[in-house]
Amino acid sequence: LMDSFAFYFQRVLSDSFYPVLKRAIGVGSAFEGWSPREQDVVYQVLVPMTPPRGHSFHLELDTAEHRLARNFRIRVQQECTCGTARRGKNRLCFLHHPEEELRRNQDPSLVDTLCTDSYLDVRKTARWFYQLVRAVWPALLQAHEWHLVLLPSRRSCQFKVTNGRESFRIEILFGVRQGDSDVFVSSQPREAYTSSTIWPESYAVAEMKFFKYIARQAPSDSVHLNCLQFFTRVQLGFGFSTYTIKTIVMHLLSIIPVSQWCRRHFVQRLIDISESLRTCVEVRRLNHFIVGNQRLPEEIRLPPEVLTASLWNLFHDLEMDPVAHSQAMCQY
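About the thresholds
- Residues numbered from 1 in each chain as written.
- Predicted model: local features only at pLDDT ≥ 70, side-chain atom pairs only at ≥ 80, totals over all residues.
- Heavy atoms only, no water.
- Phe/Tyr/Trp six-rings, centres within 6.5 Å; stacked < 30°, edge-to-face > 60°.
- Buried < 20%, exposed > 50% of the residue type's maximum accessible area, 1.4 Å probe, protein only.
- Salt bridge = Lys/Arg side-chain N within 4 Å of Asp/Glu carboxyl O.
- Helix = DSSP H or I, 4+ residues; strand = E, 2+ residues; numbered from the N terminus.
- Expected span 1.5 Å × (residues − 1).
- Arc of directions from axis to C-beta.
- UniProt positions renumbered as here; feature names shortened; annotations may be inferred.
- Core = buried A, V, L, I, M, F, W, Y, C linked by side-chain atoms within 4.5 Å.
- Domains from an automatic or database assignment.
- Contact = heavy atoms within 4.5 Å.
- Polar contact = N/O pair within 3.5 Å; in protein donor to acceptor, adjacent residues only side chain to side chain.
- Pairing = 2+ DSSP bridges.

Participant: How would you summarise the packing of aromatic side chains if you had to cite specific residues and measurements?
Facilitator: Per the counting criterion, the structure on display carries 17 aromatic pairs. A centroid spacing of 5.4 Å and a plane angle of 75 degrees characterise the contact between Trp128 and Phe129, whose relative ring orientation is edge-to-face. Pair check on accessibility: Trp128 and Phe129 agree, each one buried. Members of the aromatic cluster, connected to one another through ring pairs, are Phe5, Phe9, Tyr18, Trp128, Phe129, Trp137, Phe159, Phe174 and Trp199.

Participant: I'd like to hear about the pattern of salt bridges, residue by residue, with values.
Facilitator: Tallied over the entire structure, the rule returns 16 salt bridges. Of the charged contacts in the structure, one is a salt bridge between Arg269 and Asp272, with a shortest N-O distance of 2.8 Å. With Arg269 and Asp272 both in helix α9 (residues 266-283), this residue pair falls 3 residues apart, about one helical turn. Residue Arg269 is classed as buried on the basis of its relative accessible area of 7%.

Participant: So what about α9? Which residues, and what values?
Facilitator: Count 3.6 residues to each turn of an α-helix, and residues three or four apart come out pointing the same way. In a regular helix each residue adds 1.5 Å, so 18 residues correspond to 26 Å; α9 covers 26 Å between its end C-alpha atoms and thus fits that length. By the burial criterion, the buried members of α9 are Arg269, Leu270, Asp272, Ile273, Ser276, Leu277, Cys280 and Val281. Viewed end-on, α9 has its buried residues packed into an arc of 160 degrees, placing them on one side of the element. Exposed positions of α9 whose direction lies more than 90 degrees from the buried face are Val267 and Val283. Immediately downstream of α9, the backbone of Arg284 shows phi near 60 degrees, a positive value.

Participant: Tell me about the UniProt feature "domain: Mab-21-like HhH/H2TH-like" (unreviewed entry) in the protein chain, and please be specific about residues and values.
Facilitator: Here the UniProt feature "domain: Mab-21-like HhH/H2TH-like" (unreviewed entry) sits at residues 240-291. With 62% helix and 0% strand, residues 240-291 has end C-alpha atoms that lie 20 Å from one another.

Participant: Before we move on, could you go through the nonpolar core and cite the residues and values that matter?
Facilitator: Within the largest apolar cluster, 39 residues are counted, with the highest numbers of intra-cluster contacts made by Ile273, Leu277 and Leu302. Only α6 (204-217), α7 (224-234), α8 (242-255), α9 and α12 (322-331) provide two or more residues apiece to this core. With 6 residues, the top contributor of residues to this core is α8. Summarising the domain contributions, this core has at least three residues from each of domain 1 (1-202) and domain 2 (218-331). With residues near it in sequence (within four places) discarded, Ile273 still touches Cys227, Phe231, Ile245, Ile248, Val249 and Leu252. Counting residues in hydrophobic clusters, the runner-up holds 38 residues, among them Phe5, Val47, Phe72 and Cys115.

Participant: Talk me through α12; I want residue IDs and the actual numbers.
Facilitator: By the burial criterion, the buried members of α12 are Ala324, His325 and Ala328. The buried residues of α12 occupy an angular sector of 100 degrees when the element is viewed end-on, so they sit on one face. What points out from α12, more than 90 degrees from its buried face, is the exposed set Pro322, Val323 and Cys330. As for α12, its buried residues are in contact with α9 and α11 (316-320). With a side-chain oxygen lying 3.0 Å from the backbone nitrogen of Val323, the N-terminal cap of α12 falls on Asp321.

Participant: Now, about the pairing of strand β12 (residues 199-202): what can you tell me, with residues and values included?
Facilitator: As judged from the 2 bridges shared by strand β5 (residues 71-78) and β12, these two strands associate in the antiparallel manner. Following the sheet pairing, Phe72 is matched in β12 by Trp199. Relative to β12, strand β11 (residues 184-186) runs antiparallel, the two sharing 2 bridges. Within β12, the residue paired with Phe184 across the bridge is Ser202.

Okay, here's the thing in structure tokens:
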């Protein structure tokens, strides 16, 4: 489905000044193989964006607040195209042609459509995605058998496709790759409210690649995904997030040989996960699996500043708040 969308996105946007959309990358639990609720799976995909002709993206680290996690703004800058573009529709240089001529003969710049104060705006980009999906859907072969239902979201494009027998829910996130790494700045928020020009750093692609790496190494009866799925389902409704359990399992997968995740080891691995959670809560520390981890497989590419960063404690709140720590111990 996403490949079909990508084909038409490319055709529709080929001569526009909207972001260039690359092939979607499946991320999150559905593509890693461990969705905690199999009956309510959300297929989450990240669509990388690159700047259109005559524009460039510049990632600026947001230093307004001191946070362990990094947030960015994407500044959109117009570039001179005088030496490369011929005159005509959408062929004028934004920097060196008169504004009146640009308004008369050329579509608006990306700065004028999806930006706020020259910074790419997540919410404007999400609205544009919704319009794009709605416009392209009738041309897709899937439209003959499936019904599209758009779902509300401010920072992504969410929709459901149904055919009377089956139903699939898809969430399209969008982001900009940092260099040639597997780390993006993404539209997915970390906090309940995130400013529309803030793009948090996302490690979802790097984590997905780690699970693929483990899958290639693991024996055919490996239960590492079963352990993760089992434990996340058991603790649903408690204070520990699924991301906490996922992080613990990723750490254990990098320590315990894959040969020891066979079916006969299932109970022992569950005990290991439980004991690791207890230890992390007791010492008030759970290191992020990607940030500062210099022992990742070589195929997972990190920007130098992420690779050499100080370890990021996901239990920082427990470290700072004795009451939260006591509650976490009780929940464990």
